[in-house]
Amino acid sequence: MTRVPRAARRLPAPVRRRRRNACLGLLAWWCALLFFVPVAWMVLTSLHSETDAATNPPSLGAPLTLHGYREFFGEGSGVSPWPPLINSLTASVVSTLLVLALAVPAAYALSIKPVRKWSDVLFFFLSTKMLPLVAGLLPVYLVAQNTGMLDNIWLLVILYTSMNLPIAVWMMRSFLAEIPVEILEAASIDGAGLATTLTRIVAPVALPGIAATALISFIFSWNELLFARVLTGVVAGTAPVFLTGFVTSQGLFLAKVCAAATVISLPVLIAGFAAQDKLVQGLSLGAVK
């Protein structure tokens with residue numbers, strides 16, 4: 001009996017490619033479900049009563065109600081969630097704008113107009129993210145206390161800007177490095193200054209990267225809890241701090257907490273959905289030559 005060579009037994013290349021694509025597709029769907037199921041479970045729990053939400057195992061066929069959302073918006077307690085939501089929106093949007101205003105020129109200097117030892121500069125930026133937040137909490141608290149900035153939303157704006165600036169510079173540097181130098185040289189020959197080059201040449205070309213950087217900075221600012229919990233009180237409390245207030249000595253009201261978490265997550269989800277095309281372009285910028 002003749003033995004078939006191993007090379008002859010191999011599947012054709014198109015078949016192997018289809019199988020590999022099918023496996024990658026199944027893996028992508030599995031990862032998507034892995035991230036989607038907890039969010040869907042949170043939304044479903046927020047639509048149940050406290051009694052149905054506390055059952056173990058949870059009841060999928062329980063009647064739906066908006067009682068948790070009414071409790072979140074102050075029915076019964078009279079506590080409005082709008083001031084914390086406005087504080088979070090203010091701190092996140094303003095800090096994101098400041099991060100972009102500082103990161104784009106810095107990344108331009110490190111990529112298109114490279115400075116000496118630019119890699120050391122980038123490593124210094126990244127090293128600032130290696131410090132645990134808890135380690136810097138006490139010094140920041142003492143500085144805020146001595147300057148009268150406790151329970152002030154502008155203190156959070158400054159902190160969020162400084163926290164997100166290093167990663168924004170890293171991201172923008174990789175995006176701006178993909179801009180053809182010939183475009184910038186042509187603009188320079190036409191007499192364009194630095195401000196004109198950044199606003200009319202660099203910004204439109206790097207718009208997907210700017211959108212991705214802005215979205216990530218906004219998400220980091222919106223979700224930050226530690227500094228907001230310690231440095232704010234009644235006036236400047238943010239949405240995550242307001243969310244922790246639902247865990248009281250009386251117990252954990254699961255439906256109301258899920259309703260609050262759903263509402264607080266909506267701005268980030270809406271921003272991500274609105275900028276999804278720019279986000280994908282920005283994160284994949286430079287991946288294909």
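Relevant structure appears above.
Thresholds applied
- Going along each chain's sequence as written, the residues are numbered from 1 onward.
- Local features in this predicted model are restricted to residues whose pLDDT is 70 or higher, and side-chain atom pairs enter the listing and the counts only when it is 80 or higher, whereas totals over whole chains, interfaces and linings include all residues.
- Side-chain metrics in this entry use all non-hydrogen atoms of the structure; hydrogen atoms and water are not considered.
- The patch calculation keeps residues exceeding 30% relative accessible area without a salt bridge and links them within 9 Å when they carry like charges or within 5 Å when they are nonpolar (Val, Leu, Ile, Met, Phe, Trp, Tyr).
- In short, Shrake-Rupley with a 1.4 Å probe defines the accessible areas, and a residue's cover is counted only from the protein chains shown.
- Every case where a carboxyl oxygen of Asp or Glu lies within 4 Å of a side-chain nitrogen of Lys or Arg is listed as a salt bridge.
- For each residue, the accessible area found with a 1.4 Å probe, counting protein chains only, is set against the maximum for its type, and the residue is called buried under 20%, exposed over 50%, and partly exposed in between.
- Each pair of aromatic rings taken from Phe, Tyr and Trp, with Trp reduced to its six-membered ring, is defined by centres within 6.5 Å and is described as stacked if the planes are under 30 degrees apart, edge-to-face if over 60, and tilted in the remaining cases.
- Note on criteria: charge over ring means Lys NZ or Arg CZ within 6 Å of the ring centre, with the direction from the centre no more than 35 degrees off the ring normal.
- Secondary structure counts use DSSP, requiring at least four H or I residues in a row for a helix and at least two E residues in a row for a strand, with both numbered from the N terminus.
- Polar contact is defined as a pair of N or O atoms within 3.5 Å, subject to the rule that within protein one atom must be able to donate a hydrogen and the other to accept it, and that residues adjacent in sequence are counted only when both atoms are side-chain atoms.

A contiguous nonpolar patch, built from Leu 24, Leu 27, Trp 30, Leu 34 and Phe 35 and spanning about 600 Å² of accessible area, is present on the exposed surface. Owing to a relative accessible area of 54%, Trp 30 belongs among the exposed residues under this scheme.

Taken as a whole and judged by the stated rule, the model has four aromatic pairs. Geometrically, the ring pair formed by Phe 73 and Trp 82 is tilted, given 5.8 Å between the ring centres and 40° between the ring planes. Its relative accessible area of 37% is what places Phe 73 among the partly exposed residues. Grouped by ring-pair contacts, the aromatic residues Phe 72, Phe 73, Trp 82 and Phe 242 constitute a single cluster. One residue, Lys 256, lies across the ring of Phe 253, its end atom 5.0 Å from the ring centre.

Another point: the environment of Thr 147. Its location among the elements puts Thr 147 in the loop between helix H7 (137–146) and helix H8 (153–176). Residue classification places Thr 147 among the exposed positions, given a relative accessible area of 51%. For Thr 147, the side chain forms a polar contact with the main-chain oxygen of Val 143, separated by 2.7 Å.

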